[in-house]
Amino acid sequence: MTLPQSGEFSLPMRVYIEDTDAGGIVYYVNYLKYFERARTEYMRAIGYERPAFPDENLMFVVSEASVSYRSPARLDESIMATACVTQLGAATLTFSQTVMRDSTCLVEGQVTLALVSSEHGRPRRIPAAMRQKIEGL
């Protein structure tokens, strides 16, 4: 799991029974979990092992999410979740994300994260080193 030159990160996964409803179709909210896993692994791939930075009292929180459902994923299918930073603000990252089955887009969306103080919840600027890594993709 590495970042290609395009800056888009892809995470292969399989649909388990815990992800589905009684009909064997992925329950809608689980796509947000797939998005979260892809974002977490994206950050890990650029050198950030943890989603929070306890030494600096910083953490990312979701401030906005938009999801469009196109086609369902089903029990035991192989799927791919993607994440790509499309906008980098002073304290925010916006990801364009998809869940794919082969070349079929099942779900697409955008998720904006805000970097905040874990102590007070107030926005904080994205550290220069992180900004450089993301801009370099």
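Please refer to the structure placed before this passage.
First, a word on what this report is: a plain description of the structure on this page. Computed from a predicted model, the values in this text were never measured in an experiment. Every residue gets a number counted from 1 within its own chain, in the order that chain's sequence is written. In keeping with the model being predicted, local features are shown solely for residues with a pLDDT of at least 70 and side-chain atom pairs are shown and tallied solely at 80 or more, while totals for entire chains, interfaces and linings include all residues. Side-chain numbers come from the whole structure's heavy atoms, not from hydrogens or water.

## Things to note about the side chain of Asp19
By definition, any uninterrupted DSSP run of H or I lasting at least four residues is a helix, any uninterrupted run of E lasting at least two residues is a strand, and each is numbered from the N terminus. The topology assignment puts Asp19 in the loop between strand E1 (9-14) and helix H1 (30-45). Exposure categories follow from relative accessible area, calculated using a 1.4 Å probe and restricted to protein chains: below 20% of the type maximum is buried, above 50% is exposed, and the middle band is partly exposed. Only four residue types enter the tally: Lys and Arg on the positive side, Asp and Glu on the negative side; His and the chain ends are excluded. Criterion for a salt bridge: a side-chain nitrogen of Lys or Arg within 4 Å of a carboxyl oxygen of Asp or Glu. With no salt bridge to any partner, buried Asp19 finds its closest opposite charge in Arg37, at an N-O distance of 4.8 Å.

## Re a nonpolar patch on the surface
A surface patch of nonpolar side chains, amounting to about 460 Å² of accessible area, comprises Tyr27, Tyr28, Val29, Leu32 and Tyr69. For Tyr69, the position within the fold is in strand E3 (residues 58-69). Put simply, a patch holds well-exposed residues, over 30% relative accessible area, that have no salt bridge, with like charges counted together within 9 Å and Val, Leu, Ile, Met, Phe, Trp or Tyr side chains within 5 Å. Computed with the Shrake-Rupley method and a 1.4 Å probe, the accessible areas treat only the protein chains shown as cover for residues.

## Let's talk about the pattern of salt bridges
Tallying each qualifying case throughout the model produces six salt bridges. Here Glu36 ties to Arg39 by a salt bridge, and the two come within 2.5 Å at their closest N and O atoms. Placement of the pair is Glu36 and Arg39 together in helix H1, with a separation of three residues, close to one helical turn. A relative accessible area of 37% places Glu36 in the partly exposed class. By relative accessible area, Arg39 is classed as buried at 5%. Residue Arg101 is joined to Glu77 by a salt bridge in which the shortest nitrogen-to-oxygen separation is 3.0 Å. You can see Arg101 sitting in strand E5 (residues 92-101) and its partner Glu77 sitting in the loop between E3 and strand E4 (78-88), a full 24 residues away along the chain. What emerges from the salt-bridge pattern is a single network uniting Glu41, Arg44 and Glu49.

## Re the pairing of E4
When DSSP locates at least two bridges between a pair of strands, those strands are taken to pair. Strand direction decides the pairing type here: E1 and E4, joined by six bridges, are antiparallel. Pairing of Arg14 across the sheet is with Ser78, part of E4. Pairing between E4 and E5: eight bridges, direction antiparallel. Of the residues in E5, the one forming a bridge with Gln87 is Thr94. Hairpin connection of E4 to E5: three residues between the antiparallel strands.

## Digging into the packing of aromatic side chains
Working definition: an aromatic ring pair is given by the centre-to-centre distance plus the angle between the planes. Stacked, edge-to-face and tilted are the three classes for Phe, Tyr and Trp ring pairs, Trp counted by its six-membered ring, which pair at centre distances within 6.5 Å; planes under 30 degrees apart are stacked, over 60 edge-to-face, the rest tilted. As enumerated under the stated definition, the model contains five aromatic pairs in all. Each ring, one from Tyr31 and one from Tyr34, has its centre 5.8 Å from the other, and the planes form 90°; the classification is edge-to-face. Of this pair, Tyr31 and Tyr34 both sit in helix H1, separated by three residues, roughly a single helical turn. With respect to class, Tyr31 is no different from Tyr34; both count as buried.

## Here's the deal with unusual backbone geometry
Even without a glycine there, the phi angle at Asp76 is positive, about 75°. If you trace the backbone, Asp76 turns up in the loop between E3 and E4. Residues other than glycine seldom take positive phi values, yet Asp102 does so here, at roughly 55°. Residue placement: Asp102 occurs in the loop between E5 and strand E6 (104-117).

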